[in-house]
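Analysis of the macromolecular model
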Amino acid sequence: MTYTVYVASDVFGRKTNLELVFPSAPTLGELTKNVEHAFSAEQSSQRSGYQVPYQVSKFHVVDEVTDDWVEVVSAQQLRNFCQLYSFQPHSTRYTESQGHIPPAKKGVMSFDAYGSNYGSYSPGARSAGGYGMKSQTGFASLPMAAGHVLPDNVGHDEKVRITFEEIDSNKNRVIEMDEMTKTFRVCGLEFTSATLDDLFKKADHDKDNVVSWAEWQRFCELYPALLDSLYYRLKAHWEHLSESGRIDSFKSQRSMLEDRERQAQALLDQLQRDLDDLLRRQGDADGGVGGAQDAQRAAEEAAREAALQAERARQTRADRDRELQAEKERERQANLRAAESQRELDEANRRAAAAQQGVDAAEAAERRAMEALEAARRDKDRHQAIADQARADSIAAKERHDRILGDIPRTLDNARAMLADAERELADADRRQRELAAAAHAAAQKVADAARARDELARALAAARERQGPAERALQDAKNAIVEHDRQVQDLLDKLASEDARKKALLDEEKSIVEQEVRLREQRESLEEKEDALRNAHSNFFHAAGRQSPGRSRSPRYNQTSTMRW
């Protein structure tokens, strides 16, 4: 299958679009070389004697996805029937300007994949239809070239010229037997070998085993129906090849559409995988946020419990402080009571001393006054009782004072020890509160980080879902394009099959007409030979008899041009 590339460029300030046909996909080097040859020939054809060669600076190609022009950097960017634009190096002779690219046309010269131009021959110099281009493999395998279409509504002479060009596949300006046989076979005119030999001999008037241009004109005058059949069958052949080329082009485009579908499916699958991964990561993030929130709640609960414990420790310390102050107050009160008891003891001692003095006074009074003995004895007993009571009160006050003085240090030490314990508990509670507060802050930071990560994943998930919609639409568009492409291909195939069936019916009908013309021509020639023989015999008879042969005009040969066509 051939490989066609359309290349446009600026030639003398006008956009020119050429069609280049390669036997296979070209490399960039082969493409550059052929484009330079083709446009150099195009320049020479537009301006006779123009000697400046065309040079390629770079190529641009239409990207089928973005529908924009992109620079060609690799042969993989090329596609069969793709449109390129060739830029020339900037110079004083060349300035590039934007403009409409015209439909592609055949170049003045055709090139193979290595840049060698084919020879050409064209009686009548028909260039628009592509006639006169040399084939490498003969008529039956002429390349399927876009634009090689035989014209409609042509006259007899044009049919003669075109059929001569088509049959002369090696372009040596004569028709050979094998070329005529191949052409008849391609056209579906399945004559026997004897009939073909006879037809070729009739065409080869000078018997040099080739049919010249003049001999072919004479032959077509003898067989107008055969000429019409050849012309329209050749036209149908090229139209069939062109339609087959369109179908092959459509079929080749299907692989491109399938590539687009695969790319869209791969993109959608990748987006789905990304979406699944984001969903999984979002689930993990939600779990992480939940765990962090649980840890934060636990840390906050522990911090609150520690704060309560610290508050209880502070309350305990305050209570111990109050107890210490109360103990100090009790100590002060005890000291006051001890001082009071000391004063009472001193008073009791004083009273005891006074009583003793009274006893001494009483004894003195007893000694001094016997007469007051009874009264003094009673006074003595009374004062003795008072002294005994005072001594007892003194001993009790002393015991009470000693007990108070003994209790005061023990109670104060206990209060101080309890205060120290409360301060240690308060310090521990403060330390635990700070640690738990730090842990709660760290947990809150983790929750914030997890929430940010979850929000980022949510945004990424939303972006992935936004990309998924266009990817799904692109995939559906690609599938619809393939379905539409298959429908168009099937329509073309159905149309081609219907056209082939219709043409086959016409060809079968025409074949009988051509065969009848050949038979009638043979019969006519046989009758003419018999007529010539009778005329000669009659002339000889009259000559031998000494008579003048009667003059008879010979009827002109039948020369009817058939108007039958498809």
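Residues numbered from 1 in each chain as written. Predicted model: local features only at pLDDT ≥ 70, side-chain atom pairs only at ≥ 80, totals over all residues. Heavy atoms only, no water.

1. Observations concerning the overall build of the chain
Scanning the chain for helices and strands turns up 7 helices and 6 strands. Mapped in sequence order, the helices and strands of the chain form the string β-β-α-β-β-β-β-α-α-α-α-α-α. In the chain, which comprises 566 residues, the share counted as buried stands at 35%. Summarising the internal contacts of the chain: among those between residues at least 6 apart in sequence, 70% fall at separations of at least 24. Summed over its atoms, the accessible surface of the chain is roughly 32800 Å², and 51% of this surface lies on carbon and sulfur atoms. (Helix = DSSP H or I, 4+ residues; strand = E, 2+ residues; numbered from the N terminus. Buried < 20%, exposed > 50% of the residue type's maximum accessible area, 1.4 Å probe, protein only. Contact = heavy atoms within 4.5 Å. Areas by Shrake-Rupley, 256 points an atom, 1.4 Å probe, with all protein chains shown as cover.)

2. Thoughts on the nonpolar core
Across soluble globular proteins, nonpolar side chains show a tendency to be buried alongside one another. Formed by 31 residues in total, the largest nonpolar core has its most connected members in Phe184, Phe191, Leu199, Trp216, Phe219 and Leu226. Broken down by secondary-structure element, the contributors of at least two residues to this core are helix 2 (156–167), helix 3 (177–186), helix 4 (193–203), helix 5 (213–222), helix 6 (224–368) and helix 7 (373–544). Examining the composition of this core, we find that 7 residues originate from one element, helix 6, more than from any other. Once residues lying within four places of it in the same chain are set aside, the contact partners of Leu199 are Met180, Phe184, Phe191, Phe219, Tyr223, Leu226 and Val518. (Core = buried A, V, L, I, M, F, W, Y, C linked by side-chain atoms within 4.5 Å.)

3. Quick look at the side chain of Arg161
Counting through the fold element by element, Arg161 comes out in helix 2. A distance of 2.4 Å separates polar atoms of two side chains, one belonging to Arg161 and the other to Glu165. (Polar contact = N/O pair within 3.5 Å; in protein donor to acceptor, adjacent residues only side chain to side chain.)

4. Notes on the sheet that holds strand 2 (residues 14–22)
Within the open sheet, the 6 strands sit side by side as 4-3-5-1-2-6. Their pairing is mixed. The open sheet has two edge strands, strand 4 (69–71) and strand 6 (105–106), and neither has a second partner. As paired strands, strand 3 (residues 58–62) and strand 5 (residues 82–87) are joined by 4 bridges and run antiparallel to one another. What sits directly across from Lys58, in strand 5, is Phe87. Together, strand 1 (3–11), strand 2, strand 3, strand 5 and strand 6 form the strand contacts of helix 1 (residues 28–46), whose direction differs from that of strand 2 by roughly 130 degrees. (Pairing = 2+ DSSP bridges. Axes fitted to C-alpha atoms, helices over the stretch in contact; angles between N-to-C directions.)

5. Some details on the pattern of salt bridges
Under the defined criterion, the tally for this structure stands at 31 salt bridges. Among the ionic pairs, Arg262 bridges to Asp259, the shortest N-O distance being 2.1 Å. Taken as a pair, Arg262 and Asp259 lie in helix 6 at a separation of 3 residues, close to a single helical turn. Arg262 gets classed as partly exposed once you look at its relative accessible area, which sits at 49%. Residue classification places Asp259 among the partly exposed positions, given a relative accessible area of 31%. (Salt bridge = Lys/Arg side-chain N within 4 Å of Asp/Glu carboxyl O.)

6. A look at the packing of helix 4 against helix 5
Axis separation between helix 4 and helix 5 bottoms out at 8 Å; the angle between their running directions is 115 degrees. Counting all contacts with helix 4, which are made through Leu199, Lys202 and Ala203, the residues of helix 5 involved are Glu215, Arg218 and Phe219. Taken together, the residues of the contact of helix 4 with helix 5 break down into 3 nonpolar, no polar and 3 charged. (Nonpolar A, V, L, I, M, F, W, Y, C, P; charged D, E, K, R; others polar.)

7. Quick notes on unusual backbone geometry
Its identity as a non-glycine residue notwithstanding, Arg173 has a phi of 75 degrees, on the positive side. Counting through the fold element by element, Arg173 comes out in the loop between helix 2 and helix 3. Positioned with a positive phi, Lys207 is a non-glycine residue whose angle comes to about 60 degrees. Take Lys207: it is sitting in the loop between helix 4 and helix 5. What makes Lys207 exposed here is its relative accessible area of 56%.

8. So, the packing of aromatic side chains
Scanning all chains against the criterion turns up 9 aromatic pairs. Between Tyr6 and Phe81, the aromatic rings sit 6.3 Å apart at their centres with planes inclined by 45 degrees, giving tilted as the arrangement. In this pair, Tyr6 sits in strand 1 while Phe81 sits in the loop between strand 4 and strand 5, placing the two residues 75 residues apart along the sequence. Under the relative-accessibility criterion, Tyr6 is labelled buried at 17%. Among the aromatic residues, those joined into a ring-pair cluster are Trp69, Tyr85 and Phe87. Between the NZ or CZ atom of Arg47 and the centre of the ring of Phe12, over which it lies, the distance is 3.9 Å. Taking NZ or CZ as reference, Lys58 lies 5.3 Å from the ring centre of Phe87, over its face. (Phe/Tyr/Trp six-rings, centres within 6.5 Å; stacked < 30°, edge-to-face > 60°. Lys NZ or Arg CZ within 6 Å of the ring centre and 35° of its normal.)

9. Details of the pairing of strand 3
Here strand 3 pairs with strand 4 via 3 bridges, running antiparallel. Looking across to strand 4, one finds that Val61 is bridged to Val70. Hairpin remark: strand 3 followed by strand 4, antiparallel, with 6 residues in the connecting loop; positive phi at Asp67, about 60 degrees.

10. Section: the confidence of the model for the chain
Scored by pLDDT, the chain comes out at a mean of 78, with 85% of its residues at no less than 70. In the predicted structure, residues 109–147 sits below a pLDDT of 50 and forms 90 contacts with residues beyond four places in sequence or in another chain. Here residues 551–566 is a poorly scored stretch, pLDDT under 50, and it has 34 contacts once near neighbours within four places are set aside; other chains count. (pLDDT = per-residue confidence, 0-100.)

11. Section: the environment of Ser74
Mapped onto the elements, Ser74 comes out in the loop between strand 4 and strand 5. A sequence separation of 47 residues divides Ser74 from Thr27, and the C-alpha atoms of the two residues are 8.4 Å apart. A polar side-chain atom of Ser74 sits 2.4 Å from a polar atom in the side chain of Gln76.

12. Quick look at the packing of helix 2 against helix 5
Running from N to C, helix 2 and helix 5 point in directions that differ by 125 degrees, and their axes come no closer than 10 Å. Judged by the angle between their axes, helix 2 and helix 5 are oblique. The handedness of the crossing between helix 2 and helix 5 is right-handed. In this structure, helix 2 uses His156, Val160, Arg161, Thr163, Phe164 and Ile167 to contact helix 5, whose residues at the interface are Trp213, Trp216, Gln217, Cys220 and Glu221. (Parallel < 35°, antiparallel > 145°, perpendicular 65-115°, else oblique. Left-handed = near helix turned anticlockwise from the far one by under 90°.)

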